[in-house]
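Structural features, examined
These are the residues of each chain, in order.
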Amino acid sequence: MAERRLLCIALLLAAGPALGQGKLLATGGAWQLEGQAGGGIVPWAVVAGYGEAGEWGGSAAATRVSVDDFDLTVAGASLGLGNRFELGYARQSLRVAPLDLTIDQDVLSAKWRFAGDLLYPGLPALAAGVQVKHNRDFAVPEALGAADDTGVDAWVAASRLWLNGVAGRNLFTNVTLRASEANQAGLLGFGGEGSDHELLLEASAGLFLDRHWVVGAEYRQKPDNLAAVREDDWADLFIGWFPTKRVAVVAAWADLGDIAGLRDQRGWYLSLQVNR
C-alpha cells in the first residue's frame, strides 16, 4: 500500500504543473537514502525540488543498493516549502541474502535551511535536520545487541556551489555533522550496551562536467555500538545525470565495509528521482 501511494506521488510530481522552478538545474540535490535532499548517503543543506521563496516543490524517488550479501530498496518523497523547509518520508527494505530475511524501516524527516545561500557570496547554505527512524523488524538487531527499535538522528550541514570553481567548471561541496546512535543507519537498530549518540562527520564533493552531468564522492562516518559485530564507515563514487528539472538519475559504486559480520560489502547504487 505504501509503495502504491509513493508511485502516485511520483506520477503527480512528474506530470503536474511546475509550481516551483526558480532554482538552477541540480541545485535541489539528489535524493538521500533517508528521504532528504542530498547525496546518496549524506543529507545536504539544500531543499527538495526547485521552489524558491514563496513557492513549493518536491521530489519522489526510488533507490536500489546491491552489495555482496545485501540488497537495499528505498522509496519515498520529500516536500520543499519556500526553499526553507522540507518534510520527507522513506521506506527502507533490506534483504539479507544469507539469512533469507528482510528488515524494513520507516524514516520521517524534517529540514530547516536557516541561513546562507548555495550560490552567492557570504555564508554557505546552512541547514539543520532530524530523521526519526523506526525499525519494523527488530529480532535480528536485538539478537546482535541493539538496545532500541526507534531512534532519532540530528544533523547540521553547510553546502556551497562554487561557480567556475575548478578549471572553469562548477564545484559542489558539503560538510555534515550528525549526532546518531543508529546501527547501519538504523537497519540494525539503535544503540547498544552503554552507547549514546556520537558526533559523526559526513562529506560530499561533486564536479560538474557540464550543466547536466556531475561526478563526485561521498564519505559517511559511522558509530560502532554493537559488541557482536563491527561497523565500518561508508563511501561512494557517483555520477549524476540531470537531463531536465523534472528528472534526475544517480549511479554509484558503494563501499559499505563490514555489515553484521559479513566482510567487504561493495556494489552498486542506482536512484531515479522525479521533481516538481
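Data block above holds the structure.
A brief structural summary.

1. As for the sheet that holds strand 10 (residues 198-208)
Spatial ordering of the closed barrel is given by 3-4-5-6-7-8-9-10-11-12-13-14, a layout of twelve strands whose pairing is antiparallel. In this sheet, adjacent strand axes meet at a mean angle of 20 degrees when their direction is disregarded. Here strand 8 (residues 150-166) pairs with strand 9 (residues 169-180) via ten bridges, running antiparallel. Residue Trp 155 lies in a different strand from strand 9, and its bridge partner there is Arg 178.

2. What about the packing of aromatic side chains?
According to the stated counting rule, one finds three aromatic pairs in the structure shown. Measuring from ring centre to ring centre gives 4.3 Å for Trp 44 and Phe 172, while their planes differ by 40 degrees; the resulting arrangement is tilted. Linking Trp 44 in the loop between strand 2 (37-38) and strand 3 (56-67) with Phe 172 in strand 9, this pair joins segments that are 128 residues apart in sequence. Consider the rings of Trp 213 and Trp 241, whose centres lie 5.7 Å apart with planes at 20 degrees: the pair is stacked. Placement of the pair is Trp 213 in strand 11 (residues 213-220) and Trp 241 in strand 12 (residues 234-241), with a sequence separation of 28 residues. Judged by its relative accessible area of 34%, Trp 213 is partly exposed.

The rules behind these values
Residues numbered from 1 in each chain as written. Predicted model: local features only at pLDDT ≥ 70, side-chain atom pairs only at ≥ 80, totals over all residues. Heavy atoms only, no water. Pairing = 2+ DSSP bridges. Helix = DSSP H or I, 4+ residues; strand = E, 2+ residues; numbered from the N terminus. Axes fitted to C-alpha atoms, helices over the stretch in contact; angles between N-to-C directions. Phe/Tyr/Trp six-rings, centres within 6.5 Å; stacked < 30°, edge-to-face > 60°. Buried < 20%, exposed > 50% of the residue type's maximum accessible area, 1.4 Å probe, protein only.

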